[in-house]
Protein chains: 2
Amino acid sequence: MQSRPRIPEATVARLAVYLRVLTGLADGGRGTVSSGELAAAAGVNPAGLRKDLSHLGPCGTRGVGYEVATLRDRIAAVLGMETAHACVLVGIGNLGSALAGYGGFGNRGFEFVGLFDASPNRVGQRIGDLPVRPMEELDAVVTETRATIGVIATPAEVAQPVCDRLTAAGVRSILNFAPVALSAPAGVGVRQVDLSVELQVLAFLDKQRGAPAPAELAPAGGMA
Amino acid sequence: MQSRPRIPEATVARLAVYLRVLTGLADGGRGTVSSGELAAAAGVNPAGLRKDLSHLGPCGTRGVGYEVATLRDRIAAVLGMETAHACVLVGIGNLGSALAGYGGFGNRGFEFVGLFDASPNRVGQRIGDLPVRPMEELDAVVTETRATIGVIATPAEVAQPVCDRLTAAGVRSILNFAPVALSAPAGVGVRQVDLSVELQVLAFLDKQRGAPAPAELAPAGGMA
DNA sequence: GCGACTTTGTTCCTGCGTTCACAAGCGGTT
DNA sequence: AACCGCTTGTGAACGCAGGAACAAAGTCGC
């Protein structure tokens, strides 16, 4: 079983979760884990977890489990965490500020190397240890830092032009928080995170679940 | 074809996207749209879009397309947007503040009716037109406002206890931004949004795509 | 009024992801 | 040294999502 050919996307997402759990276990001094325990902590099926791990070759000991530190390093290597990834963030509004100030990225191999905003009011502010720069400097910073990931937290109207500029500057992956579908050239990965869509799915599933819906903000209306 | 039995979860997520596009088209005064155009704006396949729409019965005119306003209302009704959903938000840190201040929810049928934080420093601040309340008031507010959705933006360590309190108070759906897998009683829907996982998937896909990836962090950057 | 074009709605098919269940292997114990 | 329990790793079946092709239906033009 080679690890190079391809790993399913859904598996990659779960590997990232396993990695976080393993890191916590290692910090707690834990030596080994079983697939059942790890699966419970990650919120997945034990069999699925073993299948996910099988994509990176045998890395467990039968009858014992997985060595926490070893497995952690293995997953980190497969996910490409041996080298830090430089990211630029465009759009320093409410959400952008939160992302820039969120400490959860740094110790996971991602580092913001540039913050950008079109508004002169924002430019010059400091968030953490980085200044907010004007959009004019975007291309230069991307080229200089060899940033490979761009995060878009702008209003929807300007997301596509920002995407174009990022890709033109050499960014190869984009995480988009603006509520629009972006079109990027082939070879550039785009991933969409849409908060209101998440809420709507949640609300629908609740409604579908046969919610008694006692009395909400408005009377429940039956439609034909 | 009934709309009640079940609509696939993936379809529901896309319906929310279509709804947003349709709203924009309606505001632009557009009368009808074809599946091809709508699919392009939503970033999906035209055939898939038609299949999605078929779950809510025939709502288009052959040879013409879909009536924008009618389809918008139809989707809104199916998604349960005829009644506003009351949400409470726990954890008013960087991300929580951004969510509370984000205007993209209000006009989509979701309204925050309570903001909560455990830190006395945060309590009493106002974000928008809502005050940050202490955790002690959570149960009362949930009961009073009949909030059905809880959003967790706390540190990972306290996410599970917060989840327990929310469900105990009667919340039926939870959107979790904390990087932990939550366990909730049956009948409560949990949806996870993990920002660092998104980044890691993005980085892996780029690496797998055959990225030359000579680009590590630039030596000139003196940060961290 | 009739033909032809356009577009929807449906059906089939292919591929992926998930789950269950079994065989193989290792450690501990007697 | 051999047995037994425990855990991993793998193989197969099920269900679901995605995509393409076809038929139905309605409108526009003549």
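Being a predicted model, the structure only gives us computed values, none of them experimental. (Residues numbered from 1 in each chain as written. Chains lettered and ligands numbered in written order. Predicted model: local features only at pLDDT ≥ 70, side-chain atom pairs only at ≥ 80, totals over all residues. Heavy atoms only, no water.)

Enquirer: Requested: an account of the protein's contact with DNA strand C, with residues and values cited.
Expert: Residues in close proximity to DNA strand C total 24 residues, the closest being R14(A), R62(A), S35(B), G60(B) and Y66(B). Per the 4 Å cut-off to the protein, sugar and phosphate atoms form 68% of the nearby atoms of DNA strand C. K51(A) is positioned such that a nitrogen or oxygen atom in its side chain is 3.3 Å from a base oxygen of DNA strand C. At a separation of 2.8 Å, a base nitrogen of DNA strand C approaches a polar side-chain atom of R62(A). Elements with a minimum of two residues in the surface near DNA strand C: helix 1 (9–27) and helix 3 (46–54) of chain A together with helix 3 (46–54) of chain B. Counted by class, the surface near DNA strand C contains eight nonpolar, nine polar and seven charged residues. (Near = heavy atom within 4 Å. Polar contact = N/O pair within 3.5 Å; in protein donor to acceptor, adjacent residues only side chain to side chain. Helix = DSSP H or I, 4+ residues; strand = E, 2+ residues; numbered from the N terminus. Nonpolar A, V, L, I, M, F, W, Y, C, P; charged D, E, K, R; others polar.)

Enquirer: Before we move on, could you go through the sheet that holds strand 5 (residues 126–127) of chain A and cite the residues and values that matter?
Expert: The pairing of strands in a sheet happens through backbone hydrogen bonds and is either parallel or antiparallel. Pairing is mixed across the open sheet formed by seven strands, whose spatial order is 5-6-4-3-7-8-9 (chain A). Each edge of the open sheet carries a strand with a single partner, namely strand 5 and strand 9 (189–192) of chain A. Pairing of strand 3 (residues 85–90) of chain A with strand 4 (residues 110–117) of chain A involves six bridges; the strand directions are parallel. Residue pairing in the sheet places L89(A) in a bridge with L115(A) of strand 4 of chain A. Its contacts with the sheet put helix 6 (residues 138–145) of chain A on strand 3, strand 4 and strand 6 (130–134) of chain A, and the angle it makes with strand 4 of chain A is roughly 165°. Running at roughly 155° to strand 8 (residues 173–176) of chain A, helix 8 (residues 195–208) of chain B makes contact with strand 3, strand 4, strand 7 (149–152), strand 8 and strand 9 of chain A of the sheet. (Pairing = 2+ DSSP bridges. Contact = heavy atoms within 4.5 Å. Axes fitted to C-alpha atoms, helices over the stretch in contact; angles between N-to-C directions.)

Enquirer: Account for the protein's contact with DNA strand D, naming residues and giving values.
Expert: Inspection of the region around DNA strand D gives 22 residues, with S35(A), Y66(A), R14(B), K51(B) and R62(B) positioned closest. Taking all atoms of DNA strand D within 4 Å of the protein, the share assigned to sugar and phosphate is 67%. Take R50(A): an N or O atom from its side chain is 2.9 Å from a base nitrogen of DNA strand D. The separation between a phosphate oxygen of DNA strand D and a polar main-chain atom of C59(A) is 3.1 Å. Mapped onto the surface near DNA strand D, the elements with two or more residues apiece are helix 3 of chain A together with helix 3 of chain B.

Enquirer: Explain the environment of P185(B) to me, and be specific about the residues and the numbers.
Expert: Turning to its location among the elements, P185(B) is positioned in the loop between strand 8 (173–176) and strand 9 (189–192). Expressed as a C-alpha distance, the spacing of P185(B) and A168(B), which sit 17 residues apart in the sequence, is 9.5 Å.

Enquirer: Which residues make up the interface of chain B and chain A, and what values do they have?
Expert: The partner chain A presents 82 residues to the 74 residues of chain B that form the contact. Both faces combined, the contact of chain B with chain A buries some 6600 Å², and carbon together with sulfur accounts for 66% of it. Ionic pairing is found between R172(A) and D206(B), a salt bridge with its closest N-O pair at 2.7 Å. Here chain B and chain A share 14 residue pairs in polar contact (both at pLDDT 80 or more) between them. (Buried area = accessible area lost by both parts, 1.4 Å probe. Salt bridge = Lys/Arg side-chain N within 4 Å of Asp/Glu carboxyl O.)

Enquirer: Could you give me a rundown of the pairing of strand 6 (residues 130–134) of chain B, with the residues and numbers involved?
Expert: Residues and elements named next belong to chain B. Two strands pair when backbone bridges link them, and strand 4 (residues 110–117) and strand 6 are joined in this way by three bridges, in the parallel orientation. Counterpart to D117 in the pairing with strand 6 is P134. Inspection of the sheet shows strand 5 (residues 126–127) paired to strand 6 by two bridges, in the antiparallel sense. Bridge pairing in strand 6 links R126 to P131. Joining the antiparallel neighbours strand 5 and strand 6 is a turn of two residues, in which G128 adopts a positive phi near 65°.

Enquirer: Would you mind going over the side chain of D194(B) in detail, with residue names and values included?
Expert: Inspection of the secondary structure puts D194(B) in the loop between strand 9 and helix 8. Polar side-chain contacts of D194(B) include one of 2.5 Å to the side chain of R20(A). One polar contact links D194(B) to S196(B), side chain to side chain, over a distance of 3.1 Å. Beyond its immediate stretch of four places on either side in the chain, D194(B) contacts R20(A) and P179(B).

Enquirer: Go over the pattern of salt bridges, please, and point to the residues and values.
Expert: Under the defined criterion, the tally for this structure stands at 18 salt bridges over all chains. Where D139(A) meets R165(A), a salt bridge forms, and the shortest distance between an N and an O atom there is 2.8 Å. Within this pair, whereas D139(A) is found in helix 6, its partner R165(A) is found in helix 7 (residues 156–169), the two being separated by 26 residues in sequence. Looking at R165(A), the relative accessible area reads 30%, which means it is partly exposed. A single salt-bridge network, built from bridges that share partners, covers E9(A), R191(A) and E198(B). (Buried < 20%, exposed > 50% of the residue type's maximum accessible area, 1.4 Å probe, protein only.)

Enquirer: Quick rundown of the sheet that holds strand 3 (residues 85–90) of chain B? Include the residues and the values.
Expert: With mixed pairing, seven strands are arranged side by side in an open sheet as 5-6-4-3-7-8-9 (chain B). Only two strands of the sheet have a single neighbouring strand rather than two, namely strand 5 and strand 9 of chain B. Each of strand 3, strand 4, strand 7 (149–152), strand 8 and strand 9 of chain B is contacted by helix 8 (residues 195–208) of chain A, which is oriented at about 155° to strand 8 of chain B, the strand it contacts most.

Enquirer: Please give an account of unusual backbone geometry that cites residues and values.
Expert: Residue and element names in this part refer to chain A. Unusually for a residue other than glycine, R146 sits at a positive phi of about 55°. Along the chain, R146 turns up in the loop between helix 6 and strand 7. With a relative accessible area of 52%, R146 lands in the exposed category.

Enquirer: An account of the packing of helix 2 (residues 35–42) of chain B against helix 3 of chain B is needed here, citing residue identities and associated values.
Expert: All names here are of chain B. Remark: helix 2 packs on helix 3, axes separated minimally by 8 Å, with the N-to-C direction vectors making an angle of 100°. As summarised for this structure, helix 2 and helix 3 are arranged roughly perpendicular, according to the angle between their axes. Of the residues in helix 3, those in contact with S35, G36, L38 and A39 of helix 2 are P46, L49 and R50. (Parallel < 35°, antiparallel > 145°, perpendicular 65-115°, else oblique.)

In short, shape yes, function no, at least from these values alone.
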